[in-house]
Structures are given as C-alpha cells and as structure tokens.
Amino acid sequence: MESSEQSDGIPRGRAGGGAHPRLLDVVEQLIGPDVLFHYSKLHLKAPHVGSVVEWHQDFSYYPHTNTDLVTALIYLDDATTENACLRAMPGSHRRGLADHCVDGHFRGKVTGPDAPDPAQAVPIEAPAGSVVFIHCLLLHYSSPNRSDRFRRAFLPAYRAADAYPDLLRPPREPQRARRDAPAR
Ligand SMILES: O=C(O)CCC(=O)C(=O)O
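Rules used in this analysis
Residues numbered from 1 in each chain as written. Predicted model: local features only at pLDDT ≥ 70, side-chain atom pairs only at ≥ 80, totals over all residues. Helix = DSSP H or I, 4+ residues; strand = E, 2+ residues; numbered from the N terminus. Buried ≥ 20, exposed ≤ 12 C-beta atoms within 10 Å, placed from the backbone. Contact = placed C-beta atoms within 7 Å. Near = placed C-beta within 6 Å. Nonpolar A, V, L, I, M, F, W, Y, C, P; charged D, E, K, R; others polar. Core = buried A, V, L, I, M, F, W, Y, C linked by C-beta atoms within 7 Å. Pairing = 2+ DSSP bridges. Axes fitted to C-alpha atoms, helices over the stretch in contact; angles between N-to-C directions.

## Points about the overall build of the protein
Item 1. On a plain count of helices and strands, the protein comes out with one helix and 12 strands.
Item 2. What you see in the protein, going N to C, is helices and strands ordered as β-β-α-β-β-β-β-β-β-β-β-β-β.
Item 3. Of all 184 residues assigned to the protein, the portion counted as buried reaches 33%.
Item 4. At a minimum sequence separation of 6, the contacts of the protein that also span at least 24 residues come to 81%.

## What to know about the site of the ligand
Item 1. In the vicinity of the ligand, the contacting residues are H43, V53, D58, L86, H140, S142, A153 and L155.
Item 2. Among the elements of the structure, β11 (140-142) and β12 (151-160) are those that each provide at least two residues to the shell around the ligand.
Item 3. Considering only residue class, the shell around the ligand consists of four nonpolar, three polar and one charged.

## Observations concerning the nonpolar core
Side chains of a nonpolar character, in soluble globular proteins, are inclined to be buried together.
Item 1. By size, the foremost hydrophobic cluster in this structure holds 31 residues, and its most contacted members are V27, I31, L69, V70 and L139.
Item 2. Breaking this core down by element, the ones donating at least two residues are α1 (21-31), β5 (69-75), β6 (86-88) and β12.
Item 3. Broken down by element, this core gets its largest block of residues, five residues, from β5.
Item 4. Excluding residues that lie within four positions of it along the chain, L69 makes contacts with I31, H38, F59, H64, C136, R159 and A163.

## With respect to the sheet that holds β5
Item 1. The strand order β3-β12-β5-β10 describes an open sheet built from four strands, whose pairing is antiparallel. Edge positions in the open sheet fall to β3 (35-45) and β10 (131-135), since each of these has one partner strand only. The sheet shows a mean angle of 20° between the axes of neighbouring strands, taken without regard to direction.
Item 2. As defined by bridge partners, β3 adjoins β12 across 10 bridges and the pair is classed as antiparallel. Residue pairing in the sheet places H43 in a bridge with A153 of β12.

Take a look at the structure:
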C-alpha cells in the first residue's frame, strides 16, 4: 500500500489513514506480512439516532478461503457504554462461524442458542484515537446510542494476500471457517 505522511502527521495515500505504518505493523503481526487492503467505512453513531449493530462475525458477510482477515476500528470520539462502544465476546474468534440465519435466510446476525450471553460481553471503552482490532470471527455488537454524544469510528479492513473470496460457501450452515488450523 502506498502512503505519505504530511506535516500534520496524518498519512494520505490510496488507502488514506488505513495505511499508517504503525497500524500496518500491528495488522502484519495479526495476519502475516503479505497484507492487502480490503475495504473501509465510517460508522457514525449519532446522539439518540445511532442504531443497534446486532451480534455478528464479519466473516459471515464476506466468506474467504481462510480467516486471516482483520478490521481496525479507530474510535474518532471517546467511546463508553453510554455512547454505545463496541462490545465483544472474548475467545469467540476461536470457536468457528456461528449461524447468521433466521428461518433459513441470511440475516447477518446471530440469534437463538448461538447468541452470546450479554452478561459475558466485554464493553471496549477507550478514548478517541484508540484502535480496536477485530478478527473476522470475533462476535461483536453495539447498542443503540441513547446518549447526547456522537460515537464515530473509521474502520479500515485488511486481508492476507492468500485469503480469497469464497463465493461458493453456502451461507446457511454454520461451519468451521478454517479447515486446517485454528484462528491466529
Ligand atoms: O461500529 C460499531 O458499533 C460496530 C462495527 C461493526 O460491527 C462492524 O463493522 O462489523
């Protein structure tokens, strides 16, 4: 990826802030040295408006031939439980892909017996500028933002160069996402 640092310290380039060398150093530790930029998005959870993000694993949205995919969620505001910080289930990235269907149709959320116990979820509270790395099999969620404060985040995502889109994977059946090895 190409990037250049300006005098204001903000990296610019084809992948924008997603190509910051310190960010990429961590991504390489997580998914190996051969990294491709996958996509990026902004989540703007506005005061009183920002809606729920149901329990899910990102891999269910974009099956690949292996699970070396990671998203960096960069908080742009101080994030607390009040303004709907991310919540995650520790260790869930080691337990394979859960069923994201309702009545046999893909709904992008985990419900029923596979649904996490909210009491065991960890709220990831952190100041603006903090980065949370989300493995593609980590179960995560965020509540509606009922506070008076924004909770915005920039999310660049990455994949290992040997992780190819697996468009033939049936989305209906829960299955181990990686056949030969546990998630890193
Ligand atoms: O920003 C959030 O609250 C959730 C982000 C998320 O779950 C995702 O991008 O997969």
